[in-house]
Amino acid sequence: MEFKRFKSDNPVWGYFLRSRNGERAKCETCENTISCKGGSTGAMRNHLGLKHKIVLDTKKAKQQGSLENTNKCSAGTSTIENYFKPTKESLERVVALVVLVFARTARVVAVYVDL
């Protein structure tokens, strides 16, 4: 099956190639093919989010003027904002968790070395 670039205002097409008959799309990152019958891009958006942790803006969010739950990113990039909105409290929590994990790891290493 032959695929080629599809020109569209929808940012999801920046990550996929479209089949000649328009019924399938091929992910340029992992080469999975996904159904896009009738021009639907929902399955492609889901694939990007689940498999590649890429979340694109939706028209609905733009119309509402709220981008709190979505983050725009360009092809092939991923940022920490794709996973959570950093706040002072959330960053403090992350630091605390890192300290806890490090402390546990150090304790395990200390016990192992004593053996």
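Throughout, residues of each chain are indexed from 1 in the direction in which the sequence is written. Totals for whole chains, interfaces and linings use all residues, but because this is a predicted model, local features are given only for residues with pLDDT of at least 70 and pairs of side-chain atoms are given and counted only at 80 or more. The side-chain values count all of the structure's non-hydrogen atoms but skip hydrogen atoms and water molecules.

An unreviewed UniProt entry lists the chain under the name BED-type domain-containing protein, with Clavelina lepadiformis given as the organism.

A count of helices and strands for the chain gives three helices and four strands. Put simply, DSSP H or I for four residues or longer makes a helix, DSSP E for two residues or longer makes a strand, and each gets a number counted from the N terminus. From first element to last, N terminus to C terminus, the chain shows the α and β order β-β-β-β-α-α-α. We call a residue buried when its accessible area falls under 20% of the maximum for its residue type, exposed when it is over 50%, and partly exposed in between, using a 1.4 Å probe and counting protein chains only. In the chain, which comprises 115 residues, the proportion classed as buried is 23%. Taking contacts inside the chain between residues at least 6 apart in sequence as the whole, the part at least 24 apart equals 25%. Any pair of residues with heavy atoms lying within 4.5 Å of one another is described as a contacting pair.

Here we come to the pairing of strand β3 (residues 24-27). Burial along β3 is one-sided: the face carrying A25 and C27 is buried and the face carrying R24 and K26 is not. Any two strands between which DSSP finds at least two bridges are classified as paired. In the sheet, strand β2 (residues 16-19) pairs with β3 via three bridges, with the strands oriented antiparallel. Its bridge partner lying in β3, R18 is registered against A25. From the end of β2 to the start of β3, which pair antiparallel, there are four residues, and G22 there has a positive phi angle of about 80°. Pairing of β3 with strand β4 (residues 33-35) involves three bridges; the strand directions are antiparallel. Bridged to R24 within β4 is S35. Where β3 folds back on β4, the antiparallel hairpin that results is connected by five residues, among which E31 adopts a positive phi of roughly 70°.

What follows deals with the nonpolar core. Definition of nonpolar core: a set of buried residues of the types Ala, Val, Leu, Ile, Met, Phe, Trp, Tyr and Cys, connected through side-chain atoms within 4.5 Å. If you look at the biggest cluster of nonpolar residues, it comprises 12 residues: V12, W13, Y15, F16, A25, C27, I34, C36, M44, L48, I54 and L56. Elements that contribute at least two residues to this core include exactly β3 and α1 (42-52).

What follows concerns the sheet that holds strand β1 (residues 3-4). Here we have four strands laid out as an open sheet, ordered β1-β2-β3-β4, and antiparallel in their pairing. Each of the sheet's edge strands pairs with one partner strand only, and the pair in question is β1 and β4.

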